[in-house]
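Structure at a glance
Residue-level listing of the chains:
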Amino acid sequence: MSKQTPWQERTVEVTRQISTSSIQKYQLSCKIFNPHLLDTSVSSLSGAPLVVIHGGPGLPSDYLLPLADNDTFSNRAILFYDQLGCGLSSAPNDIAAYSVHLSINDLEVIISTLLGSHKFHLYGHSYGGMLAYEYLRLMAERSQTEDEDDSTFAVSPNQCLSVILSSTPTSISESDKSQNDIMMELLAQDPSKITLDERFRLRCQCRTPAVPEPLLNAFRKAGKIWAGTDVVSEFECLQPSTTKRLSSSAKMPSVRIMRGEYDFITEDMMTLWRTGGFFNHHSVQETVFKGGSHFCLLEKGQEYRKVIESFLVENDLNKHEPRA
């Protein structure tokens, strides 16, 4: 029996039609940890796969790859991918090739191509968490009409078992304001702009003595066109529509929200996820990592992974049953 390889690299094709030009084809780079667990002959014995969505925009998945370190997820496949414009994915120069809506469409293509009918969990970090939420909201809304059949969807609305929103704001403007406030506070303490970025990092981004290598790798491969919060400055998550009948398949999955104690994603922002009407249920759990900040995985690795896996195992119980 051959030894299973822990990683597999794949590409998934997505398309764009800009104005009246012909349809352009692009490639999204994917890395799958424990790909053998997606085999139908063994998948029934493993946990449901986890789909990981990086932040930015334009900061590729390298900084999230430590999720797969050690043996925390030894019985689960994890799917990482670089969004269009960054990492090892295609990077068209035309800004019209990018939008939040197109990024959500790309996520569905990734899931339908690589996971097929597998039930799965979603994890999104920062801006990636906003994409995860909006994807689930749109999936729920489009399944609300009584005469719609799940078979018409590339991904069935009840395939997602749970979602983890890590250091995720409900709006980009609130996140930007929080970061700007911290910058002003740091400048008031010390007006030197030479050290400002490093002081900001140590305060609320990543409190390790040096920048961890996975984060440096992500910075090296960061996007150039669709990058930074300026390109999504008006992006905010919307509450699910209540104008249509809510069918059982339209119910949102279980949720865990997470942040670091010193994160610029504040407790007030987390409260919005719990009380702002974003989910049509009350199954929203919260974890705050003491001493952590925005890139908490790189500071609190094992603790962070264990919290995630515990939540996934809890929601794997619905893996073989339609969500009620």
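Let me sum up the structure you'll find in this document. (Residues numbered from 1 in each chain as written. Predicted model: local features only at pLDDT ≥ 70, side-chain atom pairs only at ≥ 80, totals over all residues. Heavy atoms only, no water.)

For the chain, the count of helices and strands is eight helices and eight strands. Within the chain, the proportion of its 324 residues that are buried is 54%. Restricting the contact set of the chain to residue pairs at least 6 apart, pairs at least 24 apart contribute 78%. With the model as given, the accessible surface of the chain reaches about 14,600 Å², and the carbon-plus-sulfur share is 51%. (Helix = DSSP H or I, 4+ residues; strand = E, 2+ residues; numbered from the N terminus. Buried < 20%, exposed > 50% of the residue type's maximum accessible area, 1.4 Å probe, protein only. Contact = heavy atoms within 4.5 Å. Areas by Shrake-Rupley, 256 points an atom, 1.4 Å probe, with all protein chains shown as cover.)

Each neighbour pair has its own omega, and for G56 with P57 the value is -5°, a cis peptide bond. One can find P57 in the loop between β3 (47-53) and β4 (76-81). Even without being glycine, N70 reaches a positive phi, approximately 50°. Within the fold, N70 resides in the loop between β3 and β4. Although it is not a glycine, S167 sits at a positive phi angle of roughly 50°.

Turning our attention to the packing of aromatic side chains. We describe a pair of aromatic rings using the distance from one ring centre to the other and the angle between the two ring planes. Evaluated as defined, the whole model comprises twelve aromatic pairs. Here W7 and F80 contribute two aromatic rings whose centre-to-centre distance is 5.9 Å and whose plane-to-plane angle is 35°, an arrangement assigned as tilted. Taken together, the residues span a long stretch of sequence, with W7 in strand β1 (residues 7-16) and F80 in strand β4 at a distance of 73 residues. Its relative accessible area of 29% is what places W7 among the partly exposed residues. (Phe/Tyr/Trp six-rings, centres within 6.5 Å; stacked < 30°, edge-to-face > 60°.)

Turning to a nonpolar patch on the surface, a few remarks are in order. Taken together, the side chains of I95, I225 and V231 define a hydrophobic patch exposed on the protein surface, amounting to about 200 Å² of accessible area. Residue position: I225 is located in the loop between α6 (213-220) and β7 (254-260). The class of I225 is partly exposed, set by a relative accessible area of 32%. (Patch = residues over 30% accessible without salt bridge, like charges linked within 9 Å, V, L, I, M, F, W, Y side chains within 5 Å. Salt bridge = Lys/Arg side-chain N within 4 Å of Asp/Glu carboxyl O.)

Here the focus is the packing of helix α4 (residues 172-189) against helix α5 (residues 196-205). The N-to-C vectors of α4 and α5 enclose an angle of 120°; their axes lie 10 Å apart at closest approach. Both α4 and α5 take part in a crossing whose hand is right-handed. Contact with α4, carried on its side by Q179, I182, M183, E185, L186 and L187, involves L196, D197, R199, F200, R203 and C204 of α5 and no other residues of that element. Class assignment of the residues belonging to the contact of α4 with α5 gives a composition of seven nonpolar, one polar and four charged. (Axes fitted to C-alpha atoms, helices over the stretch in contact; angles between N-to-C directions. Left-handed = near helix turned anticlockwise from the far one by under 90°. Nonpolar A, V, L, I, M, F, W, Y, C, P; charged D, E, K, R; others polar.)

Applying the stated criterion across every chain, the model contains four cavities of 30 Å³ or more. For the lining of the largest cavity, the per-class residue count stands at six nonpolar, three polar and two charged. (1 Å grid on protein atoms, 1.4 Å probe; cavity = no way out; pocket = protein on both sides within 12 Å on 5 of 7 lines; lining within 4 Å. Points joined across faces, edges and corners; volume = space filled by probe spheres on them.)

To continue, consider the pairing of strand β2 (residues 24-33). Inspection of the sheet shows β1 paired to β2 by ten bridges, in the antiparallel sense. Looking across to β2, one finds that V12 is bridged to L28. (Pairing = 2+ DSSP bridges.)

Counted at 1.5 Å a residue, the expected span for helix α8 (residues 301-316) with its 16 residues is 22 Å, and the 22 Å between its end C-alpha atoms agrees. If you follow the buried residues of α8, they end up packed against β3, β4, β5 (120-125), β6 (160-166), β7 and β8 (284-289). (Expected span 1.5 Å × (residues − 1).)

Next up on the list: the pattern of salt bridges. Here the structure, examined in full by the defined rule, presents 13 salt bridges. In this structure, the salt-bridge partner of R16 is D106, at a minimum N-O distance of 2.6 Å. Of this pair, R16 sits in strand β1 while D106 sits in helix α2 (residues 100-115), placing them 90 residues apart in sequence. As far as the burial class goes, R16 and D106 line up, both buried. Taking the shortest distance from any N to any O, the salt bridge between E134 and R137 comes out at 2.6 Å. A residue pair is termed a helical-turn pair when its members lie 3 or 4 positions apart in one helix, as E134 and R137 do in helix α3 (residues 127-142) at three residues. Across the pair, R137 and E134 agree in class, each one buried. Several salt bridges converge on common partners, so that one network encompasses R259, E267, R274 and E286.

With that out of the way, let us pick up the pairing of β8. Pairing of β7 with β8, which is carried by six bridges, proceeds in the parallel orientation. Along β8, the bridge assignment pairs M258 with T287. Taken together, β7, helix α7 (residues 267-275) and β8 form a β-α-β motif whose crossover is right-handed. (Right-handed = clockwise from strand over helix to strand, strands pointing away.)

Function cannot be inferred from these measures alone, as they are strictly geometric.
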